[in-house]
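Coordinate analysis (summary)
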Amino acid sequence: MSIKNNPILSLNCVSKVYETGQGVAPMTVLDGIDLELNQQDSLAIIGPSGSGKSTLLNIMGTLDRPSSGTVILDGTNTSDMDEDALASVRNTKIGFVFQDHHLLPQCTLLENVMIPTLACEDAKRKGDAPERALHLLKKVGLENRLEHRPAKLSGGEKQRVAVVRALINQPKLLLADEPTGALDQSSAVNLINLLLELNQEEEVTLIVVTHSLELAAMIGDVRELKNHQLNSMK
């Protein structure tokens, strides 16, 4: 289900070309990609290794800029923003989950979850963050592990912490790049189910890059990135 209003994310003719050096033809990774997603939509992106899936996700998340085209997030053209403004957008409107959880080993589970709130400029959101953290950690079954450090957690538990951390600032868009890549099949299925559950409950737009057709099928809307183009699998 999606909530039909203004799109949360619009990609308009997005291309990415890398200059490879004098006398060598530029390398095209993405070519004229269009995409529109509304609040609470969910999408899986699959494709061959090296097809540009992570590049596309990084452009969606404003970690990289397209060579041409526009990325409009929650009604704002991010192409016109400077780096400081983009950093603020990433902190408040986008949550990231990667294959590697990137948890700080010296911090407790709760401290890791709260890290994104340190740069939050919204006083109310920042004030509500501890209660929200406890709510989300209970939701993912880790409310009794708050003082544990990452070394004491399983791979699946670490990824659940990473998901909660990605959601702590109430983002509009949740981007997951091969989030199950380091997990066994059972843990991978559980994580995708968790992401889909939170996609509905948090009304956050979800995009998952995965190499697994089985996991992609769980998400429903599947697009394949191949030959620089993003095409529907239906």
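Okay, so let's go over this structure. What you are looking at is a predicted structure, and each value in this text was computed from that prediction instead of being measured. Think of each chain on its own: its residues are numbered from 1, step by step along the sequence as written. For a predicted model such as this one, the threshold for reporting local features is a pLDDT of at least 70, and the threshold for listing and counting side-chain atom pairs is 80 or more; totals across whole chains, interfaces and linings nevertheless cover every residue. Only hydrogens and water are removed before side-chain values are computed, so all heavy atoms of the structure are retained for them.

Put simply, a salt bridge is a Lys or Arg side-chain nitrogen that is within 4 Å of an Asp or Glu carboxyl oxygen. Inspection of the entire model under this criterion finds eight salt bridges. For Arg-132, the salt bridge goes to Glu-202, with nearest N and O atoms at 2.7 Å. With a gap of 70 residues between them, Arg-132 in helix 4 (residues 123-139) and Glu-202 in the loop between helix 6 (185-201) and strand 8 (205-209) connect regions that are remote in the sequence. With a closest N to O distance of 2.4 Å, Glu-197 and Lys-139 form a salt bridge. Of this pair, Glu-197 sits in helix 6 while Lys-139 sits in helix 4, placing them 58 residues apart in sequence. Relative accessible area decides the class of each residue, using a 1.4 Å probe on protein chains only: under 20% of the type maximum gives buried, over 50% gives exposed, and in between gives partly exposed. On the basis of relative accessibility, which here comes to 35%, the residue Glu-197 falls in the partly exposed class. Taken together, the shared-partner salt bridges in this structure form one network comprising Lys-139, Glu-197 and Glu-201. Strands are runs of DSSP state E lasting at least 2 residues, helices are runs of H or I lasting at least 4, and numbering of each runs from the N terminus.

Attention now goes to the nonpolar core. Ranked by internal contacts, the top residues of the largest apolar core, which has 39 residues, are Leu-109, Val-113, Leu-137, Leu-174 and Leu-195. Broken down by secondary-structure element, the contributors of at least two residues to this core are strand 3 (42-46), helix 3 (109-114), helix 4, helix 5 (155-167), strand 7 (173-177), helix 6, strand 8 and helix 7 (213-219). Here this core takes seven residues from helix 6, the largest share from any one element. Any two residues having at least one pair of non-hydrogen atoms within 4.5 Å are treated as being in contact. Filtering out sequence-adjacent residues up to four positions away, Val-113 remains in contact with Ala-133, Leu-137, Val-161, Val-164, Arg-165 and Ile-168. In this structure, Ile-33, Leu-43, Val-71 and Leu-73 belong to the second largest nonpolar core, which totals 28 residues. By convention a nonpolar core is built from buried Ala, Val, Leu, Ile, Met, Phe, Trp, Tyr and Cys residues, the set being connected through side-chain atoms within 4.5 Å.

This part is about the layout of surface pockets. Computed from the structure, the largest pocket encloses a volume of approximately 320 Å³. Cavities and pockets were defined on a 1 Å grid built from protein atoms only: a cavity is a group of points that admits a 1.4 Å probe but offers it no way out, a pocket is an open group of points flanked by protein on both sides within 12 Å along at least five of seven lines, and a lining residue is one with an atom within 4 Å of any such point. Along the walls of the largest pocket sit 15 residues, with Ile-94, Phe-96, Pro-116, Arg-165 and Ala-166 positioned nearest its centre. Looking at the lining of the largest pocket element by element, the count peaks at four residues for strand 6 (residues 94-98). For this classification, Asp, Glu, Lys and Arg are treated as charged, while Ala, Val, Leu, Ile, Met, Phe, Trp, Tyr, Cys and Pro are nonpolar and the rest, including Gly, are polar. Grouping the amino acids of the lining of the largest pocket by side-chain chemistry returns nine nonpolar, four polar and two charged. Grid points are joined across faces, edges and corners, and a volume is the space filled by probe spheres set on the points.

By the burial criterion, the buried members of helix 2 (residues 83-93) are Leu-86, Val-89, Arg-90 and Asn-91. On the buried face of helix 2, the contacting elements are strand 4 (68-73) and strand 6. Here a polar contact is taken to be a pair of N or O atoms separated by no more than 3.5 Å, where protein atoms must pair a possible hydrogen donor with a possible acceptor and residues adjacent in sequence count only if both atoms sit in side chains. Near the N-terminus of helix 2, the side chain that reaches the backbone nitrogen of Asp-84, with its oxygen 3.3 Å away, is that of Asp-82.

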